[in-house]
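Single-letter residue listing:
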Amino acid sequence: MTEAVRTQLAMRLDALAAEEVATKDARAVVELDQQAVGRLSRMDALQNQAMAEAQSRRRQAERQRIEAALRRIEAGEYGYCLECGEEISPERLELDPALALCADCMKASR
């Protein structure tokens, strides 16, 4: 089971890296050129840039969660809650293989 999870997590890391490369231009600095871009178009460009940067931060956070899950697999600690040490239900891990907390600890942390 852990080999399948490791493969799934590695594939997700690859997909995140590809998304990051594909959206590089969207996160680039918006040039100020009032001749070519009107005020509203510039505002749209700035908004699009901000959304792309927010997506990049979310991808980075997901990448960190996945890398932590891979480290737990290597350490033989995968599938156990980091807070209480109880086993995380297989159903929850199937939905999100990078989960680090059981349902009870997740609820308590909110």
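Here goes a summary of the coordinates provided. (Residues numbered from 1 in each chain as written. Predicted model: local features only at pLDDT ≥ 70, side-chain atom pairs only at ≥ 80, totals over all residues. Heavy atoms only, no water.)

1. Overview of the overall build of the protein
Part 1: If you tally the helices and strands in the protein, you get four helices and zero strands.
Part 2: In sequence order, the secondary structure elements of the protein are arranged as α-α-α-α.
Part 3: Among the 110 residues that make up the protein, the fraction classed as buried is 28%.
Part 4: Long-range pairs, those at least 24 residues apart, make up 47% of the contacts in the protein with a sequence separation of at least 6. (Helix = DSSP H or I, 4+ residues; strand = E, 2+ residues; numbered from the N terminus. Buried < 20%, exposed > 50% of the residue type's maximum accessible area, 1.4 Å probe, protein only. Contact = heavy atoms within 4.5 Å.)

2. Quick look at helix α1 (residues 2-22)
Part 1: Here α1 contains 21 residues, and its C-alpha end-to-end distance of 30 Å stays within 8% of the 30 Å for a straight helix at 1.5 Å per residue.
Part 2: Regarding α1, the residues found buried are Val 5, Leu 9, Leu 13, Leu 16 and Glu 20. For α1, the angular spread of buried residues about the axis comes to 80°, placing them on one side. Seen from the buried face of α1, the exposed residues on the opposite side, beyond 90 degrees, are Ala 4, Met 11, Asp 14, Val 21 and Ala 22. (Expected span 1.5 Å × (residues − 1). Arc of directions from axis to C-beta.)

3. Considering the nonpolar core
Part 1: Leu 9, Ile 66, Leu 70, Ile 73, Tyr 78 and Cys 81 are the most contacted members of the largest nonpolar core, which totals 17 residues.
Part 2: When residues of this core are traced back to their parent elements, those giving at least two are α1 and α2 (39-75).
Part 3: If near-sequence neighbours (up to four positions away) are discounted, Ile 73 is found in contact with Thr 2, Val 5, Arg 6, Leu 9 and Tyr 78. (Core = buried A, V, L, I, M, F, W, Y, C linked by side-chain atoms within 4.5 Å.)

4. As for the environment of Gln 55
Part 1: As for its position among the elements, Gln 55 is in helix α2.
Part 2: Between the alpha carbons of Gln 55 and Glu 20 there is a distance of 9.0 Å; along the sequence they are 35 residues apart.

5. Concerning the state of the cysteines
Part 1: By the definition in use, this model includes zero disulfides.
Part 2: This cysteine, Cys 81, is not joined by any disulfide, and Cys 105 carries the nearest cysteine sulfur, 3.6 Å off.
Part 3: A residue is classified by how much of its surface remains accessible, and Cys 81, at 5% relative accessible area, is buried.
Part 4: In this structure Cys 102 is a free cysteine whose sulfur lies 3.6 Å from that of Cys 105, the closest cysteine sulfur available.
Part 5: Overall, the relative accessible area of 10% leaves Cys 102 in the buried class. (Disulfide = S-S within 2.5 Å.)

Nothing here speaks to function; it is all geometry.
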